[in-house]
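# Per-entry structural report
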Amino acid sequence: MIDSKGYRPNVGIILCNDEGRVFWAKRMGVDLWQFPQGGINQNEDPETAMYRELWEETGLQQQHVQVLGRTRYWLKYQLPDRYVRKNSVPLCIGQKQIWFMLRLVTHESNVRFDHCHKPEFDGWRWVDYWEPLKDVVYFKRKVYQRAMTELGAILTIDSVPVDATGYLAKEIKTKPNKLQ
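Just so it is clear, the structure is predicted and the values come from calculations on it, not from any experiment.

## Digging into the nonpolar core
Residues Ile14, Trp99, Tyr129 and Leu155 are the most contacted members of the largest nonpolar core, which totals 27 residues. Elements supplying a minimum of two residues to this core: β1 (7-16), β2 (22-27), β6 (75-78), β7 (94-104) and α3 (141-152). By residue number, the principal contributor to this core is α3, which donates five residues. Ignoring anything within four residues of it in the chain, the contact list for Leu155 reads Cys16, Leu68, Met101, Tyr129, Val160, Val162, Ala164 and Tyr167.

## Observations regarding the pattern of salt bridges
Counting across every chain of the model gives 12 salt bridges. A salt bridge links Arg103 to Asp18, with the shortest nitrogen-to-oxygen separation between them at 2.7 Å. Of the two residues, Arg103 sits in strand β7 while Asp18 sits in the loop between β1 and β2, which places them 85 residues apart along the sequence. Take Arg103: its relative accessible area is 14%, and that puts it in the buried class. Between Glu120 and Arg27 there is a salt bridge, with the nearest N and O atoms lying 3.2 Å from each other. Of this pair, Glu120 sits in the loop between β7 and β8 (121-127) while Arg27 is found in strand β2, placing the two residues 93 residues apart along the sequence. The exposure class assigned to Glu120 is partly exposed, which follows from its relative accessible area of 30%.

## Regarding a nonpolar patch on the surface
The grouping of Tyr83, Val137 and Tyr138 at the surface amounts to a nonpolar patch, some 280 Å² of accessible area in total. Relative to the elements of secondary structure, Val137 occurs in the loop between α2 (132-135) and α3. The class for Val137 is partly exposed, based on a relative accessible area of 30%.

## Some words on the packing of aromatic side chains
For the structure on display, the rule yields 13 aromatic pairs. Relative to Tyr144, the ring of Phe35 lies with its centre 5.0 Å away and its plane at 20°, an arrangement referred to as stacked. You can see Phe35 sitting in the loop between β3 (33-34) and β4 (37-39) and its partner Tyr144 sitting in helix α3, a full 109 residues away along the chain. Taken together, the aromatic side chains of Trp24, Phe35, Trp99 and Tyr144 make up a single cluster linked through ring pairs. The ring of Trp74 is capped by Lys96, whose NZ or CZ atom sits 4.8 Å from the centre of that ring. Here the basic side chain of Arg125 rests over the ring of Trp33, its NZ or CZ set 4.0 Å away from the ring centre.

## Some remarks on unusual backbone geometry
Between Val89 and the following residue, Pro90, the backbone shows a cis peptide bond with an omega angle of -5°. Structurally, Pro90 is set in the loop between β6 and β7. Not every positive phi belongs to a glycine, and Asn43 is a case in point at roughly 65°. Among the secondary structure elements, Asn43 is positioned in the loop between β4 and α1 (46-58).

The rules behind these values
- Residues numbered from 1 in each chain as written.
- Predicted model: local features only at pLDDT ≥ 70, side-chain atom pairs only at ≥ 80, totals over all residues.
- Heavy atoms only, no water.
- Core = buried A, V, L, I, M, F, W, Y, C linked by side-chain atoms within 4.5 Å.
- Buried < 20%, exposed > 50% of the residue type's maximum accessible area, 1.4 Å probe, protein only.
- Helix = DSSP H or I, 4+ residues; strand = E, 2+ residues; numbered from the N terminus.
- Contact = heavy atoms within 4.5 Å.
- Salt bridge = Lys/Arg side-chain N within 4 Å of Asp/Glu carboxyl O.
- Patch = residues over 30% accessible without salt bridge, like charges linked within 9 Å, V, L, I, M, F, W, Y side chains within 5 Å.
- Areas by Shrake-Rupley, 256 points an atom, 1.4 Å probe, with all protein chains shown as cover.
- Phe/Tyr/Trp six-rings, centres within 6.5 Å; stacked < 30°, edge-to-face > 60°.
- Lys NZ or Arg CZ within 6 Å of the ring centre and 35° of its normal.

Structure follows, in structure tokens:
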């Protein structure tokens, strides 16, 4: 399902633990890492797609997580030209994503990658909150930064049972202003 502007609707999942660290997954057979994510099917809302993708990619179910929040708007990224399949109809130039912040409320041993016929991941680890910005493929970096900035603010709210020091410990350094 591609929208009229060439973007595929998608969900992204930032899964955190009680220490404010995030679930970082290794793509099957390669040394590439990312957050779980996946397409939204026709007649599927973003939350339903998020739970389906969570199950397919991590083996976790709704009762294993607590939804802490989601992005207010679609966040978009374009694919580099070499990844655009020029002969496909409709043409997909990138993805528009709704991102969710989830908290793991079960034992991490419930994470499994064998719930679909073609697993996307073959490994995972907990990482400091901002570490994914260093490791994610370059064309997704700005969307990750926008999603993580918007959703990371949730971790500093007193009513969220997550130790925000894990989130605050290594905030990304912004580039200095050239005018200074």
